[in-house]
Amino acid sequence: MPEACIIGLGKSGVAAARLLKQEGWEVEISDTNTSPTLLKQQQELAAEKITVNLGHSPNLDTNHLPELIVVSPGVPWDIPILAKARSLGIETIGEMELAWRHLQNIPWVGITGTNGKTTTTALTAAIFQAAGFNAPACGNIGYAACEVALTQMGIEGDEENTIQNPKSKIQNRLDWIIGELSSYQIESSVTLSPRIGIWTTFTPDHLARHKTLENYYNIKAKLLNNSQLKIFNGDDAYLSKIGLNQQWQDAYWTTVKGKNFLIGEKGFYIEDGWVIEKLNSTSAPKQIVEVSALRMVGEHNQQNLLMSVAAARLANIDIEAISHAIREFPGVPHRLEHICTWEGIDFINDSKATNYDAAEVGLASVKSPAILIAGGEAKPGDDTGWLATIQTKAAAVLLIGNAAPAFAQRLQELGYHNYEIVETMANAVSKSAALAKQHQASVVLLSPACASFDQYPNFEVRGDDFRQLCLKITI
């Protein structure tokens, strides 16, 4: 029986282990962490004959070595244990690559970008599903990719042989896979080649892991290079510069600024309130859907709309299905999510804004003046645009988490003094309502510009905490 080692006991790691186990592999999961939650998972997986070793890395100093190592997305690709594995000739891949090897007979839409990829993925999946396709969102959103692969085992030729996961809604043959792919997932994927690739935005992020902007760019570019059809956000400053330099000549570009700003001779743009398609240099422009059909605010969401519509049209989805899906699309949790309105004040959850660029977009998208809640675990990046937006749109800023002192100093340096370090989300929400009344602000916005790991397991838990605290105000 072949042996495989999974590094990382997260959703992706567990899905990879179950997939390999179903294929007949002897599977062991290693995770350097330990906690009551992980211990409970260890017990559950033991019942499935999957060994879980907590508190240490795999032992590669023996003669008994695994044939395959699968890495969860959160595990850095260049840690010593993986370098050693590769030097020993052990095949080392990411969880996404493992899923792709099982699902490559199904067309994929692969979506990446620094910001905007979650909304674009969710909207794209909604459109494909409205057209009648069985097209789940997976990867960095929704299901783990290997979880999707597991549901499809045995389905070819006999749907009654499908391996049923009682917790999964995917029980039938898939038509498309809509994958949100982080740089971590692309980095560890060797052969992943989507039918359609989308690149939403590109700004400095994850540099603590990828070291240089060039490395980060090259990882993202790999996905698009491997995609049959390519879609780029032409309004992104970095991507548009590359496009104008005649790179990606076979791509479909998008712009919210009208036909005259379209890079190349084919793409999708907004004009007179409509999304317009131009599929080649000789085709006539065609109206697809009114921009007002999308309920989400902000120019960035119009950019997301264009890329989702482009993917749908390149998949030959009809205009009626596209229009219906867009009108019904509710938005994405934790991304400018309206929580409640209390005494005329809207409380909005933008917990997914984990870097300066995303937080700048979030603040720019809401009514002013706003009360801003920011802070957490700071990331490297350029905060200039974000701070400028605070000066023009925020009546007051409440600072939480580890980044609070540094953010306070940056605001002080700019001559912005209406801030307060409140440390916790509970303190921030309780103070925000009074501040909103004091400054006649119509919005309280959580848009942290930071990761969550100083106080929360992830941005979703942070956003859920904000939601619960806000809803208590209305009781």
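The shown structure was predicted, so the numbers you read here are calculated from the model rather than taken from an experiment.

Turning next to the pairing of strand β6 (residues 108-112). The buried count for β6 comes to five of five residues, which makes it a mostly enclosed element. Here β6 shows a buried face lined by W108, G110 and T112 and a second buried face lined by V109 and I111. The sheet contact formed by β6 and strand β8 (residues 177-180) spans four bridges and is parallel. Considered in β8, the bridge of V109 is made with I178. Judged from the four bridges that link them, β6 and strand β9 (residues 196-199) form a sheet pairing that is parallel. Bridge pairing in β9 places G110 opposite G197.

Moving on, we get to helix α14 (residues 384-393). Within the span of α14, buried status applies to W386, L387, T389, I390 and K393. Seen from one end, α14 has its buried residues packed into an arc of 160°, which puts them on one side. Buried residues along α14 sit in contact with α13 (356-365), β17 (370-375), β18 (394-400) and α15 (404-413).

Our next topic: the environment of I219. Position of I219 among the secondary structure elements: in helix α9 (residues 213-225). Spatially, the C-alpha atoms of I219 and N301 are 24 Å apart, while their sequence positions differ by 82 residues.

Here we take up the pattern of salt bridges. Applying the stated rule across the entire model yields 14 salt bridges. The partner of D61 in a salt bridge is K84, with the nearest N and O atoms 2.1 Å apart. In this pair, D61 is assigned in the loop between β3 (51-54) and β4 (68-71) and K84 in helix α3 (residues 80-87), connecting sequence segments 23 residues apart. Notably, a salt bridge pairs R410 with E413, separated by 3.0 Å at the nearest N-O pair. Taken together, the positions of R410 and E413, both in helix α15 and three residues apart, correspond to about one turn of that helix. Overall, the relative accessible area of 52% leaves E413 in the exposed class. Here the salt bridges share partners, and the residues they tie into one network are E91, E97 and R101.

Let us look at unusual backbone geometry. Generally, phi is negative for residues other than glycine and the peptide bonds are trans, each holding for most cases. Look at the link from S368 to P369: it is a cis peptide, with omega at 0°. Mapping P369 onto the fold places it in the loop between α13 and β17. Non-glycine residue K49 carries a positive phi angle of around 65°. Turning to its location among the elements, K49 is positioned in the loop between α2 (36-46) and β3. The residue D272 is not glycine, and still its phi comes out positive at about 55°. Looking at the element boundaries, D272 is found in the loop between β12 (267-271) and β13 (274-278).

Reading the values: rules and limits
Residues numbered from 1 in each chain as written. Predicted model: local features only at pLDDT ≥ 70, side-chain atom pairs only at ≥ 80, totals over all residues. Heavy atoms only, no water. Buried < 20%, exposed > 50% of the residue type's maximum accessible area, 1.4 Å probe, protein only. Helix = DSSP H or I, 4+ residues; strand = E, 2+ residues; numbered from the N terminus. Pairing = 2+ DSSP bridges. Arc of directions from axis to C-beta. Contact = heavy atoms within 4.5 Å. Salt bridge = Lys/Arg side-chain N within 4 Å of Asp/Glu carboxyl O.

Distances and angles like these do not, on their own, reveal function.
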